[in-house]
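Listed below, chain by chain, are the residues.
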Amino acid sequence: MKKLTLIPLIIFLSLLFSCSNNDNPTEPGNNKLEPKAPTFKSIEIPDHMKQSSDSHAQMAAVWLGVANSFTAYSSLFVPPEGAKSLPKVNALNDEGKYTWTVGTLSVTLVYSSDNEYTRWKVMFSGTDNGTTYINWVFMEAEQTIDGKNGTLVMYEDNTTDIAAKWTWNNNSDGSSDYTFLNYSDSGMKLVIHVNADKSGEMNFYENDNGQFVLRYKFTWNSDGSGAWWDYVNNENGTWQ
């Protein structure tokens, strides 16, 4: 399996988006749709769980942090000050298209909305660290108009192969469901349910010959105490 190689690039872009050059004047007349970031809802990890010395509590907190990392990408879906507004790709759609530069890369954002979904697509052109990109789709997302459900997909460097995928559902009772799929290395999946009071459950799966097999399960209470099941070694326990 290919390794997930995009994290350094994500960090690079996140640091520089706020200081992208302003050589491209904004042209609001070309678009009637102003991009807004997806309304990602962060997974709230109880402080006691994050600070616990128990190895299984630490393991659970780390994996929750990985699943939660998709919230850091929201800035990629809003053009910075100075971005150039481009003509619509399809005049029949409610769509916006913007471009700006970050170092030697040209970044293009296509943003569209209909009666059901809002969609984002981030593309790169140019050269970075010896790799040349030509309208490569780096990341794309879609979210229901009410903001309750969404999907974010990130691709392997300069390919159309999916590197990672996040889905989220915000429920009417205040709880949320998340799924994180990492296709790099051997592959893994996290399935998470978080209640309104910050208690929750997480199942960790590994790819075994093309099938995701449950390896660990964690549950935790709103105070950060919890329990774990290790299906690899047939063990289980709790932390306080």
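Bear in mind that the values here come from a model prediction, so they are computed numbers and not experimental data.

A. Structural view of the overall build of the protein chain. Within the protein chain, the secondary structure is distributed over three helices and 13 strands. Expressed as a percentage of the 240 residues in the protein chain, the buried residues total 42%. Just so you have it, the protein chain exposes about 12200 Å², and 48% of that area is on carbon and sulfur atoms.

B. A look at the pattern of salt bridges. The tally for this structure, following the rule as stated, stands at six salt bridges. Across the salt bridge formed by Lys 50 and Asp 47, the nearest N and O atoms sit 3.5 Å from each other. Of the two residues, Lys 50 and Asp 47 are both situated in helix α2 (residues 47-51); the distance of three residues between them amounts to about one turn of the helix. A relative accessible area of 48% means that Asp 47 is categorised as partly exposed. The salt bridge involving Arg 215 is made with Glu 206; its shortest N-O contact spans 3.4 Å.

C. Summary view of the environment of Asn 195. Within the secondary structure layout, Asn 195 lies in the loop between β9 (188-194) and β10 (200-208). On a C-alpha basis, the gap between Asn 195 and Asp 173 in space is 8.3 Å, while along the polypeptide they are 22 residues apart. Setting aside chain neighbours within four positions, we find Asn 195 in contact with Gly 174, Ser 175 and Gly 200.

D. Structural context of the nonpolar core. By size, the foremost hydrophobic cluster in this structure holds 49 residues, and its most contacted members are Phe 77 and Ile 192. The residues touching Phe 77, leaving out its near neighbours within four places in the chain, are Pro 35, Lys 36, Pro 38, Phe 40, Leu 109, Trp 120, Val 122, Met 139, Glu 140, Ala 141 and Leu 152.

E. Up close: the pairing of strand β7 (residues 162-170). Bridging between strand β6 (residues 149-155) and β7 involves seven bridges; their strand directions are antiparallel. Its bridge partner lying in β7, Tyr 155 is registered against Ile 162. What sits between the antiparallel neighbours β6 and β7 is a turn of six residues, in which Asn 158 has the positive phi angle 60°. As paired elements, β7 and strand β8 (residues 176-182) share seven bridges and run antiparallel to each other. Bridge pairing links Trp 166 to Phe 180 in β8. Linking β7 to β8, which pair antiparallel, is a turn of five residues; within it Gly 174 sits at a positive phi near 90°.

F. Representation of helix α3 (residues 55-68). In a regular helix each residue adds 1.5 Å, so 14 residues correspond to 20 Å; α3 covers 20 Å between its end C-alpha atoms and thus fits that length. Buried within α3 are the following residues: His 56, Ala 57, Ala 60, Ala 61, Trp 63, Leu 64, Ala 67 and Asn 68. Projected down its long axis, α3 carries its buried residues within an arc of 165°, all on one side. For α3, the side-chain oxygen to backbone nitrogen distance between the N-cap and His 56 is 2.9 Å, and the N-cap itself is Asp 54.

G. Focus on the confidence of the model for the protein chain. On average, residues of the protein chain score 85 in pLDDT, and 83% of them are at 70 or above. Least confident of the elements in the protein chain is helix α1 (residues 7-16), whose mean pLDDT is 44; most confident is strand β12 (residues 226-230), at 98. Ignoring residues within four places in sequence, the model shows residues 1-32, a span with pLDDT below 50, making 81 contacts including any to other chains.

H. Geometry of unusual backbone geometry. Unusually for a residue other than glycine, Asn 129 sits at a positive phi of about 50°. Assessed through its relative accessible area of 75%, Asn 129 is described here as exposed. For Asn 135, which is not a glycine, the phi torsion comes out positive at approximately 50°. Here Asn 135 lies in strand β5 (residues 131-144).

I. Main features of the packing of aromatic side chains. This structure, assessed with the given rule, holds 18 aromatic pairs. Ring centres of Trp 63 and Phe 218 lie 5.9 Å apart, and the angle between their planes is 70°; this geometry places the pair in the edge-to-face category. Here Trp 63 is found in helix α3, whereas its partner Phe 218 is found in strand β11 (residues 211-220), with 155 residues between them in sequence. Look at Trp 63 and you get buried, because its relative accessible area is 16%.

Analysis parameters
- Residues numbered from 1 in each chain as written.
- Predicted model: local features only at pLDDT ≥ 70, side-chain atom pairs only at ≥ 80, totals over all residues.
- Heavy atoms only, no water.
- Helix = DSSP H or I, 4+ residues; strand = E, 2+ residues; numbered from the N terminus.
- Buried < 20%, exposed > 50% of the residue type's maximum accessible area, 1.4 Å probe, protein only.
- Areas by Shrake-Rupley, 256 points an atom, 1.4 Å probe, with all protein chains shown as cover.
- Salt bridge = Lys/Arg side-chain N within 4 Å of Asp/Glu carboxyl O.
- Contact = heavy atoms within 4.5 Å.
- Core = buried A, V, L, I, M, F, W, Y, C linked by side-chain atoms within 4.5 Å.
- Pairing = 2+ DSSP bridges.
- Expected span 1.5 Å × (residues − 1).
- Arc of directions from axis to C-beta.
- Polar contact = N/O pair within 3.5 Å; in protein donor to acceptor, adjacent residues only side chain to side chain.
- pLDDT = per-residue confidence, 0-100.
- Phe/Tyr/Trp six-rings, centres within 6.5 Å; stacked < 30°, edge-to-face > 60°.

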